[in-house]
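Examination of the molecular architecture
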Amino acid sequence: MQVLSDDGRARVHHRSLKVLGNTGVRVDTAWGREILRGAGADVNEATKVVRFPRSLVEEALRQAPREFTLGGRRPGCDLRMNGGDCTLCLDGEAVFALDRETGERRLGTAADWLAATRLADALDEVGMWWCMVEASDRGNTLADSVAYWRAIFDNFSKHVQDVTTAPEQAPWLLEVLQVIFGDRETIRREHPYSFLVCPLSPLVIEGAYTDAYLALLGWDIPIAVMPMPLMGATAPGSLIGTAVLGNCEVLAMLCLIQAAAPGTPFLYAPALSVMDPRSGGYSPGAVENALLGAAAVEMARYYGLPAEGTGGGSQCFVPGIQAGYERAINALLPLLSWPDILVGPGLLGGSMILSLEQLLIDVEVFRMGKRARLGIATGADCWLEDVVERIGPAGHFLEEVSTVNAVRGGEWYIGEFGIRGTFEDWEAAGRPTLLAEAREKVDQILATHEPLPLDEGVERELVRIEERARAEG
């Protein structure tokens, strides 16, 4: 599926070059400005505005690898970028959670964080972790950060995408990664951890998180760049203007990263979205988000870069009818554009509220979307004209081998989630709801799933690192 024509994508690129060369981007990291100055950018130190010549952008695009793998601890879970498949990444950074006993919204806790992480580990469709909810009862010391990294890898065995908040954390994170995955060359080759940065819109590369990533240079840590321009607020008041702005912000970071370390694995990941004209706030359930999400994936494909798309937003604060239709339409369009990674499941209220039940519902939408993406097969064995001729008028096809083979071969998507059967069956079962079924499935998974354990020696070493961090204050 395409929402941008071939000419439209080319025009986004060329207009982005014009903005980057004439207007420029404010770069709030002195380290970053120095790198860009050395690469040939025009740097105004007084305003911190950097202008990017066309040659610098084109060289950065040339240097960025098109194919690489995002690894993890679990055998067989590696994600090949530009490999033809699509996986889910958890939506991230919620502040609240829906209490599973009372249904009330409250601040997220470490228990919520742990439940979300372990649930995601059990879902094959979720190939990448992002911190779904902030734990209000977790500290923010260096030792707390080490304990947090240990908890991630202890409870999630696939690929991890996250951040550090300061350059001083870099050696500690790298030590943790080495204990779990091996030496520097192993980490450079297998990429078990990727880093997420979010430039500020419009046209600002912020300092703290960028410097935190630059402190990891030399380890080939993949970076996903996710600006979040808001059409009509922090982006121009048109869909195509918002696509151009987000593209500029991604390309500016691409120039910085490739100038700092040519060949660094790079994920094109803008989360383009729209303002609610009635309030001026974020409008997560708007259908225009779906169009922008698809456009972002298409621009990644225009450049040949791996695509980390976004989709599935909703303004609704609890699972229900509004959340269902908003999230389905906003996930389907970007999914049909077929990114390598689709970010979005599990959060409500503009990605501020964690719902474990919504996570399961979103995974089912993803499964259905993957089937839709396959389209309608027209191979020689699909037409079944001989079967129609043999059955003839007023017959049926239930007993045909071709029907059985099609059911078993994937012509139908056969879900095991949701209400099926007759009204009488549903009524006899007590009129169950989808939410009740999701809650039951969440309970069952959390009660039975055991994440792939870390080796005892690894656990002991991680405890020693945490104790040393605590002693150093």
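You'll find the structure just up there.
The structure contained in this document is the topic of the report that follows. (Residues numbered from 1 in each chain as written. Predicted model: local features only at pLDDT ≥ 70, side-chain atom pairs only at ≥ 80, totals over all residues. Heavy atoms only, no water.)

**A look at the overall build of the protein**
On a plain count of helices and strands, the protein comes out with 17 helices and 20 strands. For 473 residues, the compact-globule estimate of 2.2 N^0.38 gives 23 Å, and the C-alpha radius of gyration of the protein, at 24 Å, lies within 12% of that figure. In terms of principal-axis extent, the alpha carbons of the protein reach across some 80 × 55 × 45 Å. Counting across all 473 residues of the protein, residues that qualify as buried make up 52%. The long-range share in the protein, meaning contacts at least 24 apart out of those at least 6 apart in sequence, stands at 76%. Per element, the accessible surface of the protein, about 21,100 Å² overall, is 54% carbon and sulfur. With 42 positive and 65 negative side-chain charges, the protein shows a separation of 5 Å between the mean positions of the two kinds. (Helix = DSSP H or I, 4+ residues; strand = E, 2+ residues; numbered from the N terminus. Rg over C-alpha atoms; globule rule 2.2 N^0.38 Å. Buried < 20%, exposed > 50% of the residue type's maximum accessible area, 1.4 Å probe, protein only. Contact = heavy atoms within 4.5 Å. Areas by Shrake-Rupley, 256 points an atom, 1.4 Å probe, with all protein chains shown as cover. Lys, Arg positive; Asp, Glu negative; His and termini not counted. Charge placed at Lys NZ, Arg CZ, Asp CG, Glu CD.)

**Thoughts on unusual backbone geometry**
Cis peptide bonds are those with omega within 30 degrees of zero, and the linkage from Ser201 to Pro202 qualifies with 0°. Despite not being glycine, Lys48 shows a phi value in the positive range, around 65°. Mapping Lys48 onto the fold places it in the loop between β2 (42–44) and β3 (49–51). Despite not being glycine, Asp220 has its phi angle at roughly 55°, a positive value. Inspection of the secondary structure puts Asp220 in the loop between α8 (208–214) and β13 (223–225).

**Brief notes about the sheet that holds strand β8 (residues 105–107)**
Reading across the sheet, the four strands line up as β8-β7-β20-β19 and stay open at both edges, with mixed pairing between neighbours. Each end of this open sheet is capped by a strand with a single partner; those strands are β8 and β19 (347–348). Sheet topology places strand β7 (residues 96–98) next to strand β20 (residues 353–354); two bridges connect them, and they run parallel. Bridge pairing in β20 links Ala97 to Leu354. (Pairing = 2+ DSSP bridges.)

**A word on the packing of helix α1 (residues 6–22) against helix α9 (residues 239–260)**
One way to put it is that α1 packs onto α9 with a least axis distance of 9 Å and a crossing angle of 60°. The angle between the axes of α1 and α9 places the two elements in the oblique class. Like other packed secondary-structure pairs, α1 and α9 cross with a definite hand, here right-handed. Packed against α1, whose contacting residues are Val12, His13, Arg15, Ser16, Val19 and Leu20, the element α9 presents Ile240, Ala243, Val244, Asn247, Cys248, Leu251 and Ala252 at the interface. Within the contact of α1 with α9, the residues separate by chemical class into nine nonpolar, three polar and one charged. (Axes fitted to C-alpha atoms, helices over the stretch in contact; angles between N-to-C directions. Parallel < 35°, antiparallel > 145°, perpendicular 65-115°, else oblique. Left-handed = near helix turned anticlockwise from the far one by under 90°. Nonpolar A, V, L, I, M, F, W, Y, C, P; charged D, E, K, R; others polar.)

**What about the pairing of strand β9 (residues 126–129)?**
As paired elements, strand β6 (residues 87–89) and β9 share two bridges and run parallel to each other. Looking at β9, one finds that Cys89 is bridged to Met128.

**Structural notes on the packing of aromatic side chains**
Inspection of every chain in the model, using the stated rule, returns eight aromatic pairs. A ring pair is formed by Tyr268 and Tyr303, whose centres lie 6.2 Å apart and whose planes are at 45°; its orientation type is tilted. Highlighted residues: Tyr268 in strand β15 (residues 266–268) and Tyr303 in helix α10 (residues 287–303), separated in sequence by 35 residues. One aromatic cluster is present, formed by Trp113, Trp129 and Tyr148 through successive ring pairs. It is Arg105 that lies over the ring of Phe96; its NZ or CZ is 3.6 Å from the centre. Sitting above the plane of the Trp113 ring, Arg138 keeps its charged end 4.8 Å from the centroid. (Phe/Tyr/Trp six-rings, centres within 6.5 Å; stacked < 30°, edge-to-face > 60°. Lys NZ or Arg CZ within 6 Å of the ring centre and 35° of its normal.)

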